[in-house]
Amino acid sequence: MTSLTPRLVRGVRAATLTVATAIAVMAWALSSPAGSAPDGDYHLATIWCGGGIREGLCETSSVNARERVIPRGLLRYSGPLGHLCFVGNPGASAGCLRDIDPVIATTMESTERLSYPLEVSVFSRFMSFFASRDIEASGLKIRLANIAVALVALGLLGLLAPAAGSALGLALVVLGAPVGIFFVAAAHPQSWVYSLLPAGWLLADAGFARWLATRLPRWAGVVALGGALMWLAYDARPRDSWLFVGVAVLLLAVRHATAARLDRRVRVALAAVALLAVAELQRRIGGPRGVVAQFSLQGADGAWARLIVDAAGAVRDLVAGGNALGSSDVVVPTIVGILGVVALGVAMAAAHGGMARRAWATFGLLVGLVAYLPWRAGDIGVSGRYVWVLAAIALTYYFLECRAGGVAIAGMPRGARRVVVAAAGLANAFALHAHIRRYVTGSDVVGWNLNRDAEWWWPSGPAPMTTWLLGSAAFALAAGLLVLPERRPA
Amino acid sequence: MIPVLRRAARPVAGALPALRRAARPAAAVLAAALLALGVVRSERTFTNPMDGDAIPVGYWTVRDLRLAVEAHAGDPAEPARVVLVETGQNASLDPRYEYAWQLVIRGLAPYTTARDAADPADGAATEWYLAHAGDLFTVWDDVFKSGLYAQGAKALLIGTLVAGGATTGERVMYPLNVISPDYDTGDTEIDYTVRPLYPEEYTAEISSLNTFGLEPRTIPFDGRLRLEDVTLLVEPLDVRTLPG
């Protein structure tokens, strides 16, 4: 009985955390219509064609065999009578969907957006199962599937590597809303990059540490599982996640290269992996000469000015949403950024302690990359959402290395934890409210009641205010369960 | 004075830990109650702008109606049957030739609804929408190619009776056999040749579509009829027999 009760409490706590997380993310999934993710038309078209040629969904053009035609409703520029009629005008609600062209699902047109051959990934193949003529219903199913994928990945991490899961949990509490939580549920390949890469990296990291200590095959299996998740994240969006996967692999090597029990074979293998990762990074970035060339001053409109402006904007996006969120036209209130900075700052300051110099240096490099990459543009776009996953990895690394590699949360004062939960919970609530507002009435309508004068909502399911209330409460509950201390029995 | 105060405060101070212990569950219960109250109020006050105005996301052509129905039906062994429904603003019935009338439905909705004939458990039947795409005749023509309606289809015409150019407010229902649909009179009109159903043709299956409880009427011989707010329900069709 004595051992059963704490186990039962832990089980109830874990189940509550899972349900609360699911509700919090589902609220974000319901907060906008299908196609609201950045470049939603392109990503929906990729998913529609992810399952190959299918009648009525993705067909070969009769004019050009290399072209693909998809339902006209998926095209961004199909005019005011398409499923993306709301994009580009934050004042316009998604109410325009009610006036949609009756034949928009049956008329097949060229996307003019898909490259050939198609970038077919496991993500797009899997999500294509949910694609149908009913674009709205398909979009919702895809989001729910993404939430399930994220919950499974995080659940595996929580079960197999609780300490790492705790560090990632704290990072997600302070950095999760609004950008991370929006993308996890989005019909967008970054969903899998966000949910699978940090979880995969941490599973591989924890599994490797346990394997080094025990040499048990099951921990090698955990490493393989982590590697598989990282590969899925890479495969979902290879054009920029290669860099983040490379960084995660390097971090693995750095964190374990100095472990006391490393034998020569492991050291050689780690060095080989690190060398391969460095070589790949070198090949893709262009080496020091390319970096120097990019950093050279080019007058008033030069690189340094752009570095300062773009990097600052991208870092702001990480906590405040803004340009990174939704269809690039969601007006997020300033308070979200302020609360986000408070949560981030307090969590980092309170968790700080016992971090080795090597870890500080690594963390500094990661922060440098987060600031530098959006400026560099190219394959990494100038927006916080492109580097959000790197920021999440950097922050998780920080929390892992704090308190001498222990669980950072354990060392945080109770007051600081409460501030973190309150600030992050409020930031999520404000951001979710603004996001629902943008699509229900348009951002130009001011007011707390999202139900009033609604012009768009899902045909069935909870009302906008219900979604907001439950989503906000669930996020705060999940944050509380992750960050606030467990009550010890008297 | 101070010792008196101290003595008086002692029981209060003793109760503080208990109060503190109770504060957290009390706050949790209060928060849950407020949340439940907010949710109930939100659900009661919300009027969904999409009610009765569903996004026309599922406009299907006949060639893939079968795929749609089969995808939704779940059990491939079960017959996938749909009831085709046309709605229009008004309709006229005029004698065409012997025991045959011309039915013209005007102000036609831009789609034909295909309603799952299976009785839904929750009372809300699954529906598919067939885009006319400017050519409703093609839709009907495709259906006729299946051979099912070669001798015409049984149907129920329901509408509000109009007499002397004014509505009577009386809802009426005429069991018909609809044949030879034509669609060359405009985007929002459809033209059928129809005849009344013989009593033995008014089977239980076709009468089951009359969920409004209206008495079946017979078109007056050589008579003309004008109806408003019209619905034409066509007998269940097995979509697996559709072409394509």
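Model, not experiment: these values are computed from the prediction.

### Regarding the overall build of chain B
When its secondary structure is counted, chain B shows 4 helices and 9 strands. Reading the secondary structure of chain B in the N-to-C direction produces α-β-α-β-β-β-β-α-β-β-β-α-β. Put simply, chain B has 244 residues, and 41% of those count as buried. For chain B, contacts bridging at least 24 residues in sequence account for 70% of all contacts bridging at least 6. For chain B, the accessible surface area stands at approximately 13200 Å², while carbon and sulfur atoms represent 56% of it.

### Considerations on the overall build of chain A
Counting its secondary structure elements, chain A contains 16 helices and 3 strands. Residue burial in chain A is summarised as follows: out of 490 residues, 54% are buried. Taking the contacts inside chain A whose residues are at least 6 apart along the sequence as the reference set, 75% of them involve residues at least 24 apart. For chain A, the exposed surface amounts to about 20200 Å²; the carbon and sulfur share of it is 65%.

### A look at helix α15 (residues 414-440) of chain A
Because the α-helix completes a turn every 3.6 residues, residues three or four places apart line up on one side. All names here are of chain A. In a regular helix each residue adds 1.5 Å, so 27 residues correspond to 39 Å; α15 covers 39 Å between its end C-alpha atoms and thus fits that length. Burial within α15 is extensive, with 20 of its 27 residues counted as buried. Just beyond α15, the residue with positive phi is glycine 442, at close to 95°.

### Concerning the packing of helix α5 (residues 162-184) of chain A against α15(A)
Residues and elements named next belong to chain A. Across the interface, α5 lies against α15 with an axial gap of 8 Å and an inter-helix angle of 15°. If you check the angle between α5 and α15, you find them roughly parallel. The chirality of how α5 crosses α15 is right-handed. Residues Val173, Val174, Ala177, Pro178, Ile181 and Phe182 of α5 touch α15, and the partners they reach there are Val420, Ala424, Asn428, Ala431 and His435. Along the lines of polarity and charge, the residues of the contact of α5 with α15 split into 9 nonpolar, 2 polar and no charged.

### Points about the state of the cysteines
All names here are of chain A. In the structure shown here, the tally under the stated rule is 1 disulfide over all chains. What pairs with cysteine 49 in a disulfide is cysteine 58, and their sulfur atoms sit 2.0 Å apart. Judged by the sign of its S-S torsion, about 95°, the cystine formed by cysteine 49 and cysteine 58 is right-handed. Cysteine 58 shares its class with cysteine 49; the two are buried.

### Considerations on the pattern of salt bridges
Taken as a whole, this structure holds 7 salt bridges over all chains when the rule is applied. The salt bridge partner of A:Glu401 is A:Arg255, with a shortest N-O separation of 2.6 Å. On the criterion of sequence distance, the pair formed by A:Glu401 in helix α14 (residues 384-405) and A:Arg255 in helix α8 (residues 238-257) is long-range, its members being 146 residues apart. With a shortest N-O distance of 2.2 Å, B:Arg217 and B:Glu170 are connected by a salt bridge. Of this pair, B:Arg217 sits in the loop between α4 (204-207) and β9 (225-238) while B:Glu170 is found in strand β7 (residues 166-182), placing the two residues 47 residues apart along the sequence. The class of B:Arg217 is partly exposed, set by a relative accessible area of 32%. Overlapping salt bridges, with partners in common, bring together A:Asp205, A:Arg255 and A:Glu401 in one network.

### So, the nonpolar core
The biggest cluster of nonpolar side chains holds 143 residues, and the ones touching the most others in it are A:Trp48, A:Leu197, A:Trp201, A:Phe399 and A:Trp456. Other than its neighbours up to four places away in sequence, A:Trp48 contacts A:Arg54, A:Leu57, A:Cys58, A:Pro71, A:Leu74, A:Ala131, A:Ser132, A:Ile135, A:Ser138 and A:Ile142. Grouped together as the second largest cluster of nonpolar side chains are 29 residues, B:Leu93, B:Leu103, B:Trp128 and B:Ala153 included.

### Things to note about the pairing of β9(B)
Residue and element names in this part refer to chain B. In terms of burial, β9 is a largely internal element, 11 of the 14 residues being buried. Pairing analysis gives 7 bridges linking strand β6 (residues 153-163) to β9, with the strands arranged antiparallel. By the bridge assignment for β9, alanine 155 is matched with valine 234.

### With respect to the pairing of strand β3 (residues 100-106) of chain B
A regular strand places its side chains so that they alternate between the two faces of the sheet. With 5 of 7 residues buried, β3(B) lies mostly within the body of the structure. Here strand β2 (residues 81-97) of chain B hands over to β3(B) after 2 residues, with B:Tyr99 in that stretch at a positive phi of 50°.

### Concerning the side chain of A:Gln190
Residues and elements named next belong to chain A. Examined against the element boundaries, glutamine 190 turns out to sit in helix α6 (residues 190-214). By relative accessible area, glutamine 190 is classed as buried at 2%. Contacts of glutamine 190, omitting those with residues within four sequence positions, involve Phe183, Arg237, Asp240, Arg385 and Tyr386.

### Remarks on the sheet that holds strand β3 (residues 108-110) of chain A
Residue and element names in this part refer to chain A. Spatial ordering of the open sheet is given by β1-β2-β3, a layout of 3 strands whose pairing is antiparallel. In this open sheet, the two strands that pair with only one neighbour each are β1 (59-60) and β3. One ladder, built from 2 bridges, connects β1 with strand β2 (residues 68-71); its direction is antiparallel. Pairing of threonine 60 across the sheet is with arginine 68, part of β2.

### Some details on the confidence of the model for chain B
All names here are of chain B. On average, residues of chain B score 75 in pLDDT, and 68% of them reach the 70 mark or higher. The element-level mean pLDDT for chain B is lowest in strand β1 (residues 59-60), coming to 42, with β6 highest at 90. Between residues 133-138, whose pLDDT stays under 50, and residues either more than four places distant or in other chains, the model counts 12 contacts. With pLDDT under 50 throughout, residues 145-150 is counted as low confidence; its partners more than four residues away or in other chains account for 13 contacts. With pTM at 0.72, the complex prediction returns an ipTM value of 0.78.

### Some details on the packing of aromatic side chains
Residues and elements named next belong to chain A. Per the counting criterion, the structure on display carries 15 aromatic pairs over all chains. Measuring from centroid to centroid gives 5.3 Å for phenylalanine 123 and tryptophan 192, while their planes differ by 80°, and the two rings are edge-to-face. Note that phenylalanine 123 is positioned in helix α3 (residues 122-128) and tryptophan 192 in helix α6, a separation of 69 residues in sequence. For phenylalanine 123, a relative accessible area of 3% puts it in the buried group. For the pair phenylalanine 182 and phenylalanine 183, a centre-to-centre distance of 5.2 Å together with 85° between the ring planes defines the contact as edge-to-face. Taken individually, phenylalanine 182 and phenylalanine 183 each receive the classification buried, so the pair is uniform in this respect. Ring pairs connect the aromatic residues Phe123, Phe126, Phe130 and Trp192, which therefore count as one cluster. The side chain of arginine 215 reaches across the aromatic face of tryptophan 211, ending 4.5 Å from its centre.

### Comments concerning the environment of B:Gly169
Residues and elements named next belong to chain B. Among the secondary structure elements, glycine 169 is positioned in strand β7. Classification of glycine 169 as exposed rests on a relative accessible area of 55%. As for glycine 169 and glycine 159, which are separated by 10 residues in sequence, their C-alpha atoms are 9.4 Å apart. In this view, glycine 169 contacts Thr160 and Leu161; residues no more than four positions away in its chain are not counted.

About the thresholds
Residues numbered from 1 in each chain as written. Chains lettered and ligands numbered in written order. Predicted model: local features only at pLDDT ≥ 70, side-chain atom pairs only at ≥ 80, totals over all residues. Heavy atoms only, no water. Helix = DSSP H or I, 4+ residues; strand = E, 2+ residues; numbered from the N terminus. Buried < 20%, exposed > 50% of the residue type's maximum accessible area, 1.4 Å probe, protein only. Contact = heavy atoms within 4.5 Å. Areas by Shrake-Rupley, 256 points an atom, 1.4 Å probe, with all protein chains shown as cover. Expected span 1.5 Å × (residues − 1). Axes fitted to C-alpha atoms, helices over the stretch in contact; angles between N-to-C directions. Parallel < 35°, antiparallel > 145°, perpendicular 65-115°, else oblique. Left-handed = near helix turned anticlockwise from the far one by under 90°. Nonpolar A, V, L, I, M, F, W, Y, C, P; charged D, E, K, R; others polar. Disulfide = S-S within 2.5 Å. Salt bridge = Lys/Arg side-chain N within 4 Å of Asp/Glu carboxyl O. Core = buried A, V, L, I, M, F, W, Y, C linked by side-chain atoms within 4.5 Å. Pairing = 2+ DSSP bridges. pLDDT = per-residue confidence, 0-100. Phe/Tyr/Trp six-rings, centres within 6.5 Å; stacked < 30°, edge-to-face > 60°. Lys NZ or Arg CZ within 6 Å of the ring centre and 35° of its normal.

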